[in-house]
Amino acid sequence: LRSTDHYRMTWKPNNRVSIKPRAVHNDEHRHSGIGFHTPADVHYGRAEAIQQQRAAALNAAYQTHPERFVRKPPTPPPLPETAWINKPEEDTPTQ
């Protein structure tokens, strides 16, 4: 493997190792910083529709069993307005 490649190793039975490309990680792993969505969902604009589905499911759960939610009705975590890996500095003059 090259050091520039990003892979995730998983152990399988009989001590066999499976190496998956990091691209699989972008479609499966949900991040708390982006409202528990996958990076692919946010990038391709699917996050808002998923957010609405989650809100409907949480509302249905609340309507069915309000006693389980003591403080307030549940809501899905908010989506960030923007997500950065390395946010550029503001008002940087270019010369």
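Thresholds applied
Throughout, residues of each chain are indexed from 1 in the direction in which the sequence is written. Local features in this predicted model are restricted to residues of pLDDT 70 or higher, and side-chain atom pairs are both shown and tallied only at a pLDDT of 80 or more, whereas totals for entire chains, interfaces and linings draw on every residue. Water and hydrogen atoms play no part in the side-chain values, which are based on all heavy atoms of the structure. For the purposes of this entry, the term helix denotes a DSSP run of H or I that reaches at least four residues, the term strand denotes a run of E that reaches at least two, and both are numbered from the N terminus. Here the term buried applies to any residue with accessible area under 20% of the maximum for its type, exposed to any over 50%, and partly exposed to those in between, with areas from a 1.4 Å probe on protein chains only. The contact definition used throughout considers only heavy atoms, calling two residues in contact when any of these lie within 4.5 Å. Per-residue and other accessible areas follow the Shrake-Rupley method at a 1.4 Å probe size, with only the shown protein chains counted as cover for residues. As defined here, a cavity is a set of points on a 1 Å grid over the protein atoms alone where a 1.4 Å probe fits but cannot get out. A pocket is an open set with protein on both sides within 12 Å along at least five of seven lines, and residues line them when an atom is within 4 Å of a point. Grid points are joined across faces, edges and corners, and a volume is the space filled by probe spheres set on the points. All amino acids are sorted into three groups, where Ala, Val, Leu, Ile, Met, Phe, Trp, Tyr, Cys and Pro are nonpolar, Asp, Glu, Lys and Arg are charged, and the leftover types, Gly among them, are polar.

1. So, the overall build of the protein chain
Here is step 1 of the chain: The helix and strand tally for the protein chain stands at three helices and two strands.
Here is step 2 of the chain: Listing each helix as α and each strand as β along the protein chain from the N terminus yields β-β-α-α-α.
Here is step 3 of the chain: Classification of the 95 residues of the protein chain by burial places 12% in the buried group.
Here is step 4 of the chain: Of the contacts made within the protein chain by residues no fewer than 6 positions apart, 21% connect residues no fewer than 24 positions apart.
Here is step 5 of the chain: Only carbon and sulfur atoms are counted for the fraction: they give 51% of the accessible area of the protein chain, which is about 8,400 Å².

2. A few points about the environment of His43
Here is step 1 of the chain: With respect to the secondary-structure elements, His43 resides in helix 2 (residues 39-43).
Here is step 2 of the chain: His43 sits 40 residues away from Ala83 along the chain, and the two C-alpha atoms are 9.7 Å apart.

3. Remarks on unusual backbone geometry
Here is step 1 of the chain: Backbone geometry at Phe36 places phi at a positive 60°, although glycine is not the residue there.
Here is step 2 of the chain: Note that Phe36 resides in the loop between helix 1 (22-28) and helix 2.

4. A closer look at the side chain of Asp41
Here is step 1 of the chain: Within the element layout of this structure, Asp41 appears in helix 2.
Here is step 2 of the chain: Ignoring sequence-local partners within four residues, the contact set of Asp41 consists of Arg46, Ala47 and Ile50.

5. So, the layout of surface pockets
Here is step 1 of the chain: Looking at the largest pocket, its volume works out to about 180 Å³.
Here is step 2 of the chain: Lining the largest pocket are His25, Asn26, His31, Ile34, Pro39, Val42, His43 and Ala83.
Here is step 3 of the chain: Only helix 1 and helix 2 provide two or more residues apiece to the lining of the largest pocket.
Here is step 4 of the chain: The element contributing the most residues to the lining of the largest pocket is helix 2, with three residues.
Here is step 5 of the chain: Partitioning the lining of the largest pocket into residue classes produces four nonpolar, four polar and no charged.

6. Topic: the side chain of Gln51
Here is step 1 of the chain: With respect to the secondary-structure elements, Gln51 resides in helix 3 (residues 47-64).
Here is step 2 of the chain: For Gln51, a relative accessible area of 14% translates into the label buried.
Here is step 3 of the chain: Leave out the neighbours within four places in its chain, and Gln51 touches His37, Pro76, Pro77, Pro78 and Leu79.

On their own, these measurements won't tell you what the molecule is for.
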